[in-house]
Amino acid sequence: PARCLVMAQVGIAGRVLVEDAVLLAGQAGLADPLTVHRGARVAAQSGVIGDVAAGATVSVYPARDHRDVLRQAAALRRLTPLVQLLEHIAHRAPTP
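The rules we used
- Residues numbered from 1 in each chain as written.
- Predicted model: local features only at pLDDT ≥ 70, side-chain atom pairs only at ≥ 80, totals over all residues.
- Heavy atoms only, no water.
- Pairing = 2+ DSSP bridges.
- Helix = DSSP H or I, 4+ residues; strand = E, 2+ residues; numbered from the N terminus.
- Patch = residues over 30% accessible without salt bridge, like charges linked within 9 Å, V, L, I, M, F, W, Y side chains within 5 Å.
- Areas by Shrake-Rupley, 256 points an atom, 1.4 Å probe, with all protein chains shown as cover.
- Salt bridge = Lys/Arg side-chain N within 4 Å of Asp/Glu carboxyl O.
- Buried < 20%, exposed > 50% of the residue type's maximum accessible area, 1.4 Å probe, protein only.
- Contact = heavy atoms within 4.5 Å.

Participant: Explain the sheet that holds strand 7 (residues 41-42) here, please?
Facilitator: Each strand in a sheet pairs with its neighbour through backbone hydrogen bonds, running either in the same direction (parallel) or in the opposite one (antiparallel). Taken together, the five strands give an open sheet; going across it, the order is 1-4-7-9-10, and neighbouring strands pair in mixed fashion. Every other strand in the sheet has two partners, leaving strand 1 (5-6) and strand 10 (64-65) as the edge strands with one partner each. Both strand 4 (residues 23-24) and strand 7 contribute to a ladder of two bridges, which runs parallel. Bridging from a neighbouring strand, Leu 23 pairs with Arg 41 of strand 7.

Written out as structure tokens, the structure is:
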């Protein structure tokens, strides 16, 4: 692969094809069989077990679109006050 950036402690196992201009951040792991297509980015500490599309950025394990991961994390943070409100209501409700 031409002009790829592979950071520290990246693990590549088996039949993994890494195309040009790919970035593999620290401690990412890739397990075969898969292809990381041109210009893709794999975030640090991610586990890739399937193909990564050209130009995509993936993170976590199993690796998936990084924007989706961020959206899910934001949604989870917004749930916390709702859960607290429900717990408060449940404690105030009279028992039958």
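Participant: Is there a simple way to explain the sheet that holds strand 2 (residues 11-13) in this structure?
Facilitator: Spatially, 2-5-8 is the arrangement adopted by the three strands of the open sheet, whose pairing is parallel. In this open sheet, the two strands that pair with only one neighbour each are strand 2 and strand 8 (47-48). Pairing of strand 2 with strand 5 (residues 29-31) involves three bridges; the strand directions are parallel. Among the inter-strand pairings, Ala 13 is bridged to a residue of strand 5, identified as Ala 31.

Participant: I tried to follow a nonpolar patch on the surface on my own but got confused; where do I start?
Facilitator: Side chains of Leu 76, Leu 79, Leu 82 and Val 83 sit close together on the surface and give an oily, nonpolar patch of about 380 Å² of accessible area. Checked against the element boundaries, Val 83 lands in helix 1 (residues 66-92).

Participant: Got a minute to help me understand the environment of Gln 9 in this structure?
Facilitator: Mapped onto the fold, Gln 9 is located in the loop between strand 1 and strand 2. For Gln 9, a relative accessible area of 62% translates into the label exposed. Linking Gln 9 and Gln 27, residues 18 residues apart in sequence, is a C-alpha distance of 4.8 Å. With residues up to four places along the chain from it excluded, the contact list for Gln 9 reads Gln 27 and Ala 28.

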